[in-house]
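# Chains, contacts and geometry: an overview
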Amino acid sequence: MFAASSQTPNPASSYSGCQDSVYKDPAPSDDQASVQTGCLDLEAKFAGFPEPYLWVKNLSHRFAGRPGQPDQLVLDQINFRIFPGQFTGLLGESGSGKSTLARLISGQLRVQEGEILLNGQVISRLSRRQRRRAKLGIQMVFQDPFSSLHPQQKIGRQLEEPLILQTKLGPADRWAKAQHMLEEVGLDPEIADRYPRDLSGGQQQRVAIACALITEPELLIADEPVSALDPSVQAQILNLLMEVRQKQSFACLFISHDLDVVSYLCDRVAVLRDGKICEENKVDRLFTHPQHPYTQELLSYMRE
């Protein structure tokens, strides 16, 4: 069980960015991390490995600068993979590009450079309408649960809505599944008749998780889902995710700036610094044998 922590990593780093990227291949028998720079030949690098569910290839993104100013590079040659059922943590300070990456994967932003593959299908070229028609198995949980819920709509209706869009279930079956999902996340089914304003922050986040998982997605993107909650409630939500993970086999990209949270929940972790992945490895390996100076500094700060 996860115990709440009051520490929040935010070291004042002397490093200007991650000039070299340390990538750890996901093969269980391979413990050698390799250093790569620039655009990777990913087909050759991962030849012979099992097919990932999510594959991000050489992804870069820029935001338009102010008049007379150059565009801002927010993501620079991002490469990583997530396999079915795998929880991968994405660590980084504010402004490192974590949320931009989540928005690109979920389709909220148009991909400018690189590719995103889901189950072998290139989804980075699909329009929003095409993504909806394809019914891609991606759902998101956001940092602020209240803002992700419709304030004027009852909880039950909000749980039914993704079922209306993505399934052929009738009204009775949708309602039954909505109530069952509330039980799955530890809430009384009677909450279905309430509004978000009637719930606590922890209850709202449970509802948000229920809304995301009710269609049984294959990939959940959780963008700082517990950072706005009290420490005791954070622990409840993390334990809930672990419990639901045992019942639904889904992969997860868990975005956070909290090392304790990532070490508890995730199988692998990637460290993002100024739009670049500095280091990626299994959680226990990275936390005990960090190779990049920024990762070493981040861990040292947390151990003080």
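Just above sits the structure.
The structure reproduced in this document is the subject of the present report.

It is worth spelling out the overall build of the chain at this point. Across its full length, the chain holds 11 helices and 12 strands. At a minimum sequence separation of 6, the contacts of the chain that also span at least 24 residues come to 66%. Carbon and sulfur atoms make up 45% of the accessible area of the chain, which amounts to about 14400 Å² in all.

Here we come to the pattern of salt bridges. Close approach of charged atoms allows side chains of opposite charge to pair. Under the counting rule described, the total for this entry stands at 10 salt bridges. Glutamate 115 is the partner of arginine 125 in a salt bridge, and the nearest nitrogen-oxygen pair spans 2.5 Å. Of this pair, arginine 125 sits in the loop between strand 7 (121–122) and helix 3 (128–134) while glutamate 115 sits in strand 6 (residues 113–118), and the two are 10 residues apart along the sequence. By relative accessible area, which is 22% here, glutamate 115 ends up partly exposed. Taken together, the salt bridges that share partners define one network made up of Glu93, Arg273 and Asp274.

Moving on, we come to the sheet that holds strand 6. In spatial order, the strands read 4-3-6-7; together these four strands make up an open sheet with antiparallel pairing. Two strands bound the open sheet, and with one partner strand each, they are strand 4 (72–82) and strand 7. One ladder, built from five bridges, connects strand 3 (residues 54–63) with strand 6; its direction is antiparallel. Note that in strand 6 the partner of serine 60 across the bridge is glutamate 113.

Here the focus is the pairing of strand 11 (residues 268–273). Among the six residues of strand 11, six are classified as buried, and the element is accordingly described as predominantly covered. Burial of the side chains of strand 11 extends over both faces: Arg268, Ala270 and Leu272 are buried on one face and Val269, Val271 and Arg273 on the other. Bridge count between strand 11 and strand 12 (residues 276–282): six bridges; the pairing is antiparallel. Bridging from a neighbouring strand, arginine 268 pairs with lysine 282 of strand 12. Here strand 11 folds back onto strand 12, and the loop between the two strands holds two residues, one of which, aspartate 274, carries a positive phi near 50°.

A separate point is the side chain of lysine 98. Position of lysine 98 among the secondary structure elements: in helix 2 (residues 98–106). It turns out lysine 98 is buried and unbridged, and the closest side chain with the opposite charge, glutamate 224, is 4.1 Å from it. A polar side-chain atom of lysine 98 sits 2.9 Å from the main-chain carbonyl oxygen of glycine 92. Once residues within four sequence positions are removed from consideration, lysine 98 is found in contact with Leu90, Leu91, Gly92, Glu93, Glu224, Ile255, Ser256 and Leu272.

For the rest of this paragraph, the subject is the packing of aromatic side chains. Any two aromatic rings considered together are summarised by their centre-to-centre distance and by the angle between their planes. The tally for this structure, following the rule as stated, stands at one aromatic pair. Centroid distance phenylalanine 87 to phenylalanine 250: 5.5 Å. Interplanar angle 45°. Geometry classified as tilted. Here phenylalanine 87, found in strand 5 (residues 87–91), pairs with phenylalanine 250, found in the loop between helix 8 (231–247) and strand 10 (251–256); they are 163 residues apart in sequence, far enough to count as distant. Judged on exposure class, the residue phenylalanine 87 and its partner phenylalanine 250 are both buried. Above the plane of the ring of tryptophan 55 lies lysine 57, whose end atom (NZ or CZ) is 4.3 Å from the centre.

It is worth spelling out unusual backbone geometry at this point. In the Ramachandran plot, asparagine 119 falls in the positive-phi region, its phi being about 55° despite a non-glycine side chain. Along the chain, the position of asparagine 119 falls in the loop between strand 6 and strand 7. In this structure, glutamate 216 takes a positive phi of about 55° despite not being glycine. Here glutamate 216 lies in the loop between helix 7 (201–213) and strand 9 (219–223).

Another aspect to go through is the state of the cysteines. Applying the stated criterion across every chain yields a total of zero disulfides. Note on cysteine 252: no disulfide assigned, nearest cysteine sulfur contributed by cysteine 266 at a separation of 6.5 Å. Judged by its relative accessible area of 2%, cysteine 252 falls in the buried class. What makes cysteine 266 buried here is its relative accessible area of 8%.

What follows concerns helix 7. Between its first and last C-alpha, helix 7 extends 18 Å over 13 residues, near the 18 Å set by a 1.5 Å rise per residue. Counting buried residues along helix 7, 11 of its 13 residues qualify, which places the element largely inside the surrounding structure. Listed as buried for helix 7 are Gly202, Gln204, Gln205, Arg206, Val207, Ala208, Ile209, Ala210, Cys211, Ala212 and Leu213.

About the thresholds
- Residues numbered from 1 in each chain as written.
- Predicted model: local features only at pLDDT ≥ 70, side-chain atom pairs only at ≥ 80, totals over all residues.
- Heavy atoms only, no water.
- Helix = DSSP H or I, 4+ residues; strand = E, 2+ residues; numbered from the N terminus.
- Contact = heavy atoms within 4.5 Å.
- Areas by Shrake-Rupley, 256 points an atom, 1.4 Å probe, with all protein chains shown as cover.
- Salt bridge = Lys/Arg side-chain N within 4 Å of Asp/Glu carboxyl O.
- Buried < 20%, exposed > 50% of the residue type's maximum accessible area, 1.4 Å probe, protein only.
- Pairing = 2+ DSSP bridges.
- Lys, Arg positive; Asp, Glu negative; His and termini not counted.
- Polar contact = N/O pair within 3.5 Å; in protein donor to acceptor, adjacent residues only side chain to side chain.
- Phe/Tyr/Trp six-rings, centres within 6.5 Å; stacked < 30°, edge-to-face > 60°.
- Lys NZ or Arg CZ within 6 Å of the ring centre and 35° of its normal.
- Disulfide = S-S within 2.5 Å.
- Expected span 1.5 Å × (residues − 1).

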